[in-house]
Amino acid sequence: MALTTSTPRPPALRRGKRPAAPGELSKKVWATAVMWLLVVVYGFPVLWFLLSSFKPAGELFSYPLTLLPKNPTIEGFTQAWTSFDFAQYFLNTLIVAVAATVLTIVVSAACGYALAKYHSWWVKAFMICVLATTMLPAEVILSPLFLVVRDLGLYNSLSAVVVPAVITATGTFMFRQFFLTVPNDLLEAARIDGSGELSTFIRIMLPLSRPIMLTLAIFSFQWRWNDYIWPLVVLNDPNKFTLQIGVATIVGADNVNWSVLLGASVLSMIPLVAIYLLLQKYVMNADINAGLKD
Amino acid sequence: MVDSIHPPAEAPGIDVRRGPEPMRPRQRGWRLRGRNRYVGAPLVLISINLLLFVTFFVWPAVTGLIYSFTSYTGVGTAPYVGLDNYQRLLQDEAFYAALIRTLIFTACAVPLTVLLSLGTAVLLVTSYTKGKSLARVVFFLPWLISPIIAGVIWRWMFGENFGLVNYLIVSLGGEEVPWQSNANLSLIVVIVAAAWSYTAFNMLLFVAALKNVPTVYYEAASLDGAGSWAKFRNITLPAIAPTTFIVVLLSVLHFMKEYALIRALNEGGPGTANNLLVQYIFKMGFERAQVGYASAASFVLMLILMIVAVVQLRMNRRKES
Amino acid sequence: MNISITAGRGLRRWRWLSLGVAMTVALTACGSDTDSGGSGAKKITFWLSTSAQLQGYNDLAKEFEAKEGVKVEIVNVPYDGYQEKLRQSAQANSLPDVASVPQLETLWINQLQDLSATANNDTNKIRKDLVTEQDGKVLAIPSDLTAAGLFINKSLFDKAKVTYPTDPAQTWTWDEFLAAATKVRTATGAKYDLVYDNSPARIRAFIYTHGGKGFQLGSDGKYATPDAATVQALTKFKSMNDDKVMPKSVWTSGADPNALFKSGQVVAYYSGVWQVADFAESITNFEWASAPTPAQPVHATDINLGGKVVAFNNGDAAAPAKKWVDFIFQRDNYTKLAAANGYLPVESGLTVTYPFKKQAALDAFALYTKEIELADPISSSGQAAQTTLILDGKAIQKDPTKDEMAKFVNGEQDVQKTVDNIVNGLNEQLS
């Protein structure tokens, strides 16, 4: 039983290192063509959005529509930057997103592991409970949830944004489904070695789940980064406001200042893309086959 | 539940080496012992989630459930009205219309999104494609775009009055297409936009799963001369089945609750033709200060979703055993 | 078996995780200790929601601090969720000291201070019909007025050599306006005569100008079935949604009329004064102008309140809060505020010099000022009804007009059903 190997193996599906077989080239052409077609389809609306953020307000809705800005300007960005305390809101959002992400990963990993590897009836019942958390529209429990947070004394603190968000069905199930694919032999072997259950989880299982951790980190970061109505309701002090609250002030009752809104949206997306690229690199390069073979 | 990935032994013509010991008996034995032996460890592992679940879900949800039996308006007292709200709901044609529209929307959006996200994930992981670094960002970006921005982008594309698509159609000598005022076309635009914006999420789940498929299987299959498609069907798909399952389940739950995007794109229009369930709850309940009624509708929605989830879990278990 | 090797390596890589947890714990520990409200009342908070109009208040706040030694912390709350936030803040005892709100609410109305000293101060000349008053107590003073009105694409009119009235005293009828717009459209190859804001307030103006009374609160505190002129006006409005006069997409599926007008392919746009600042900045590919509201025959608009300024009774911040409200409405200060924020003033006889560079914007404000003077008294009945209901402990959270009209325009129901549904939908919320 080979549990782990220290030598990195080529990850799944990466077979390009071998000398190309006769059909390989045409496969490459096809696959690349399909991918680029999808890139165009997915990218076109995004490109339109990005280029529009450089259009002056007068060009946004002129007819016929044009893809490229005629008189490119960065006024939307500068106005967005100055229309609220961008730096402070940015920092607050960063604190919230990082804290929530770390907690979410730890808690989801533990819970997902338990749901995958233990089979008492109450563990299974709890699995349904976790799923249930996604089943009510957020608005229904907004008011009652607010009272809970207030009664716990969390009102007007960043932790009020973080703590209720830590439980997530998506995260928990990501880990559960992952740990289902980890052979029980590994667990058994650890038990035979005399390793305690929790120590097995922390020492062996947790490190194995790195791609899931990283993927969930991307998710959680995005969720908290783009959170809006909950932070607005539980944060009272403008020094604690998060980025999306600031962005939302651009949308007025009767008017939307589109050029500023586009600028603000682009700015607020940059950190997410950076985080994604950073973490995704580790997911793609992860030597995760170690330990998963039976 | 499956306890390990299925070795692709059932693949025709592919002989993948299994572990030295036969797996099944071992697994079963562990299960029997595992069922009752461990209490402390799983309890500790789920404890934080359990605490959060009780505090931030059960507590407020029970409050909401109590509201659903009252005519609470959001302020003041909450007079008990028994099952009135539920009866009213079940007699409301608009509720059924919204439910059916939601089911149609979900039935279209889920397969489309799952296919696209699996496809993009495979393309990003395989060695056959060139230019992955750009593609990776492009597929990801739509997911970051907020609904209000998505709304304006898609109106630029599919606005029936001055949208790009209609402009091109008219330029080519065609008739303007009523992308917004025709109920079905309007729904199609929303489905496409939903798939566009939600692909990245599922794609990342699939990428993690694909990276997790043991390489030996492919190596063995290659030695046996299996083609790419055979390998994908017989190795990849079974190996990522747990992830596919969760992707489908989460997508169903997500799309059944879709609201923000459709509000930004067409406000559930034309008229009320594309009002989905959560929008119905919003319009009939919260916006008219009928918190009791909205709560009742929400719990009916929750019941529907619960049934969907349990059915899927069951089907999944049957498939795995 | 080298479990420990893997694990060790894995853990080393994940050291930052424990760091993160430590940070989180620290973060959670520093909880909600700062209360921005009553710190010796040297500082008060002022909430408002605006996408543009902050400058005037910022300037006033500086002067106020210099004069009274009280700092005013201005918080711009997003419109989407503002009411919700006020409601929750009331439940957490953390309402602001002063706020400009879209609507009063039963939940916190009993925590308001009496502003009658400011409202009844004769030198201010605040329009009495617009303040919210209960048992001799003034609960809210509007920050500004808004009025519905017509915009035209001047370039298209000029190109088609069609004239339009400029003086509200000699306005046109809807028939004249629509005929002119159709003429412009056909002459210039534009696509639509008109886009019309999808809003209950704007459709009220359409009804009033056609001689209807619209949906009015009866003496029994219920909404009554509207008169025949109202039904006729709604029928006419539907027939205008024929994808020639008006595009259907605005009233059926949420298309943005502002964006459609900005395309330059629509002859006219019925909206309101709040568009002026936006148009001045973001219409560059054609000339626009404010035109008098058509009257058929009633000269009316829909007069609404921009925001309602209220002062909450927050301990030792209550007195400075009242002072701040009084400061805002002192004639000189209010003049400056109205100019900086582009407000139609609530104080009568005020000469405001708006800082717009564009002549069209200046003309627009002059025109709206005249329109408001000429407007039939019914024009402000919509907002008055809202105030009446609120003071009665009731409220219309959601005007069903928009949804029901969408169904009507979309052909899902006839006019009678639409009218009935609107009346029922309104009354349902009053029970």
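A quick note: this is a predicted structure, and the numbers were derived from the prediction, not measured.

**Observations regarding the overall build of chain B**
Then step 1. Counting secondary structure elements, chain B contains 14 helices and zero strands.
Then step 2. Secondary structure of chain B in N-to-C order comes out as α-α-α-α-α-α-α-α-α-α-α-α-α-α.
Then step 3. Looking at chain B residue by residue over its 321 residues, the buried ones come to 60%.
Then step 4. Of all intrachain contacts in chain B linking residues separated by at least 6 positions in sequence, the fraction that spans at least 24 positions is 67%.
Then step 5. On chain B, roughly 12,800 Å² of surface is accessible, and the fraction owed to carbon and sulfur atoms is 66%.

**Digging into unusual backbone geometry**
Then step 1. Note the cis peptide between A:Y63 and A:P64, where omega equals -5 degrees.
Then step 2. Mapped onto the elements of the fold, A:P64 is located in the loop between α2 (57–60) and α3 (75–83).
Then step 3. Non-glycine residue C:K125 carries a positive phi angle of around 55 degrees.
Then step 4. Structurally, C:K125 can be placed in the loop between α6 (116–119) and β4 (132–134).
Then step 5. By relative accessible area, C:K125 is classed as partly exposed at 47%.
Then step 6. Positive phi, normally seen in glycine, also occurs at C:D243, with a value near 65 degrees.
Then step 7. Counting through the fold element by element, C:D243 comes out in the loop between α10 (228–240) and α11 (249–253).

**Section: the packing of aromatic side chains**
Then step 1. Taken as a whole and judged by the stated rule, the model has 73 aromatic pairs over all chains.
Then step 2. Centre to centre, the rings of B:W154 and B:F158 are 5.7 Å apart; their planes meet at 5 degrees, and the pair counts as stacked. Taken together, the residues span about one helical turn, with B:W154 and B:F158 both in helix α6 (residues 147–158) at a distance of four residues.
Then step 3. When the centroid spacing of 6.5 Å and the interplanar angle of 40 degrees are considered together, the rings of C:F151 and C:Y269 count as tilted.

**Focus: a nonpolar patch on the surface**
Then step 1. On the surface, B:L303, B:I307, B:V311 and B:M315 cluster together into a nonpolar patch covering about 390 Å² of accessible area.
Then step 2. By the secondary structure assignment, B:I307 is in helix α14 (residues 291–320).

**Quick notes on the pairing of strand β11 (residues 308–311) of chain C**
Residue and element names in this part refer to chain C.
Then step 1. Side chains K308 and V310 project from β11 onto one buried face, and the interleaved V309 and A311 project onto a second face that is buried too.
Then step 2. Examined bridge by bridge, strand β3 (residues 98–101) and β11 share four bridges and lie antiparallel to one another. Note on β11: the bridge partner recorded for V101 is K308.
Then step 3. Both strand β5 (residues 137–142) and β11 contribute to a ladder of two bridges, which runs antiparallel.

**Describing the interface of chain A and chain B**
Interface extent is often summarised as the accessible area lost during association of the parts.
Then step 1. Listed per partner, the contact involves 117 residues of chain A and 114 residues of chain B.
Then step 2. Both sides of the chain A and chain B interface together cover about 11,100 Å² of buried area, and 75% of this is carbon and sulfur.
Then step 3. Here chain A and chain B share zero salt bridges between them.
Then step 4. Here chain A is connected to chain B by 13 residue pairs in polar contact (both at pLDDT 80 or more).
Then step 5. Ranked by residue count, the leading element in the side of chain A that touches chain B is helix α1 (residues 24–52) of chain A, at 19 residues.
Then step 6. Across the side of chain A that touches chain B, the residue classes break down as 80 nonpolar, 19 polar and 18 charged.

**Thoughts on the pattern of salt bridges**
Then step 1. Summed over all chains, the structure comprises 22 salt bridges over all chains.
Then step 2. C:D403 is the salt-bridge partner of B:K283, the closest N and O atoms lying 3.3 Å from each other. Linking B:K283 in helix α13 (residues 277–284) with C:D403 in helix α18 (residues 401–409), this pair reaches from one chain into another.
Then step 3. Overall, the relative accessible area of 11% leaves B:K283 in the buried class.
Then step 4. According to the relative accessible area criterion, C:D403 is buried, its value standing at 11%.
Then step 5. Between C:E68 and C:K323 there is a salt bridge; the shortest N-O distance is 3.4 Å. On the criterion of sequence distance, the pair formed by C:E68 in helix α3 (residues 55–68) and C:K323 in helix α14 (residues 318–329) is long-range, its members being 255 residues apart.
Then step 6. Exposure remark for C:K323: the relative accessible area of 46% places this residue in the partly exposed category.

**So, the confidence of the model for chain B**
Residues and elements named next belong to chain B.
Then step 1. Taken as a whole, chain B shows an average pLDDT of 85; of its residues, 88% reach a score of 70 or greater.
Then step 2. Looking across chain B, the model is least confident in helix α1 (residues 23–37), with a mean pLDDT of 46, and most confident in helix α4 (residues 93–125), with 95.
Then step 3. Taken as a whole, residues 1–35 scores under 50 in pLDDT and shows 62 contacts with residues more than four places along the chain or in a different chain.

**Side note on the packing of α1(A) against α4(B)**
Then step 1. As a packed pair, α1(A) and α4(B) sit with axes 10 Å apart at the nearest point and diverge in direction by 125 degrees. Classified by the angle between their axes, α1(A) and α4(B) sit oblique to one another. For the pair α1(A) and α4(B), the crossing hand works out as left-handed. Together, A:A31, A:V34, A:M35, A:L38 and A:Y42 of α1(A) and B:L116, B:T120, B:L123 and B:L124 of α4(B) make up the contact between the two elements.

How each quantity is defined
- Residues numbered from 1 in each chain as written.
- Chains lettered and ligands numbered in written order.
- Predicted model: local features only at pLDDT ≥ 70, side-chain atom pairs only at ≥ 80, totals over all residues.
- Heavy atoms only, no water.
- Helix = DSSP H or I, 4+ residues; strand = E, 2+ residues; numbered from the N terminus.
- Buried < 20%, exposed > 50% of the residue type's maximum accessible area, 1.4 Å probe, protein only.
- Contact = heavy atoms within 4.5 Å.
- Areas by Shrake-Rupley, 256 points an atom, 1.4 Å probe, with all protein chains shown as cover.
- Phe/Tyr/Trp six-rings, centres within 6.5 Å; stacked < 30°, edge-to-face > 60°.
- Patch = residues over 30% accessible without salt bridge, like charges linked within 9 Å, V, L, I, M, F, W, Y side chains within 5 Å.
- Salt bridge = Lys/Arg side-chain N within 4 Å of Asp/Glu carboxyl O.
- Pairing = 2+ DSSP bridges.
- Buried area = accessible area lost by both parts, 1.4 Å probe.
- Polar contact = N/O pair within 3.5 Å; in protein donor to acceptor, adjacent residues only side chain to side chain.
- Nonpolar A, V, L, I, M, F, W, Y, C, P; charged D, E, K, R; others polar.
- pLDDT = per-residue confidence, 0-100.
- Axes fitted to C-alpha atoms, helices over the stretch in contact; angles between N-to-C directions.
- Parallel < 35°, antiparallel > 145°, perpendicular 65-115°, else oblique.
- Left-handed = near helix turned anticlockwise from the far one by under 90°.

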